[in-house]
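# Understanding the architecture of this molecule
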Amino acid sequence: MPTMGKYCKAYLLKSFQQYEGWSVNEGNLSTETREVDGEEVEVRKTLNDDSVLYLQENYVVTDGIFKDENIVFEEVTPEWTRFCSDILHFEIPADLSTEDDVERGDNGEGKD
């Protein structure tokens, strides 16, 4: 079952493309139903500069609102988190996170 995180923010693909290390795992894009030769078939979504992707609280990027499905970017490094903060102005609202969550880059699940 998909996991809904505490926080994610939608950005256009072109915003993420500003990051030098950006790449998309196209095999994890969501699927769409299209009609091909009179039949409905499931095909991988195609992206363009105006496609919407979601930056999750753990700094992975998904093609959808769930933090553990359709992960298209998961190279979480100090440079990436700095880019998210400095360039994208991504910040988890204080009332949704603890200091430990932000330092670990997760949502605190599994804590005792």
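This one's a predicted model, so the numbers in the text were calculated from it and none came from an experiment.

Once that is clear, we can look at the overall build of the protein chain. From N to C terminus, the protein chain includes three helices and six strands. Secondary structure elements of the protein chain occur, N-terminal to C-terminal, as β-α-β-β-β-β-β-α-α. Intrachain contacts of the protein chain at a sequence separation of at least 6 include 58% that bridge at least 24 residues.

Attention now moves to the sheet that holds strand β1 (residues 8–12). Pairing is antiparallel across the open sheet formed by four strands, whose spatial order is β1-β4-β5-β6. Taken across any chain shown, the strands that pair with only one partner, and hence form the sheet edges, are β1 and β6 (71–73).

Moving on: the pairing of strand β3 (residues 39–44). Here β3 lies mainly on the outside; zero of its six residues are buried. Judged from the six bridges that link them, strand β2 (residues 31–36) and β3 form a sheet pairing that is antiparallel. By the bridge assignment, Thr-31 is partnered in β3 with Arg-44.

A few words on the environment of Cys-8. As for its position among the elements, Cys-8 is in strand β1. Sequence separation between Cys-8 and Tyr-59 is 51 residues; the distance between their C-alpha atoms is 8.9 Å. Not counting the four nearest positions on each side in its chain, Cys-8 is found in contact with Tyr-54, Leu-55, Gln-56 and Ile-65.

Here the focus is the pattern of salt bridges. For the structure shown, the criterion picks out four salt bridges. Between Arg-34 and Glu-32 there is a salt bridge, with its nearest N and O atoms 2.8 Å apart. Taking the relative accessible area as the measure of exposure, Arg-34 reaches 36% and is therefore partly exposed. Of the residues examined, Glu-32 reaches a relative accessible area of 28% and is grouped as partly exposed. Close ionic contact of Asp-63 with Lys-45 constitutes a salt bridge, the shortest N to O distance being 2.8 Å. Within this pair, whereas Asp-63 is found in the loop between β5 (61–62) and β6, its partner Lys-45 is found in the loop between β3 and β4 (52–56), the two being separated by 18 residues in sequence. For the pair formed by Asp-63 and Lys-45, the shared burial category is buried.

Calculation criteria
Residues numbered from 1 in each chain as written. Predicted model: local features only at pLDDT ≥ 70, side-chain atom pairs only at ≥ 80, totals over all residues. Heavy atoms only, no water. Helix = DSSP H or I, 4+ residues; strand = E, 2+ residues; numbered from the N terminus. Contact = heavy atoms within 4.5 Å. Pairing = 2+ DSSP bridges. Buried < 20%, exposed > 50% of the residue type's maximum accessible area, 1.4 Å probe, protein only. Salt bridge = Lys/Arg side-chain N within 4 Å of Asp/Glu carboxyl O.

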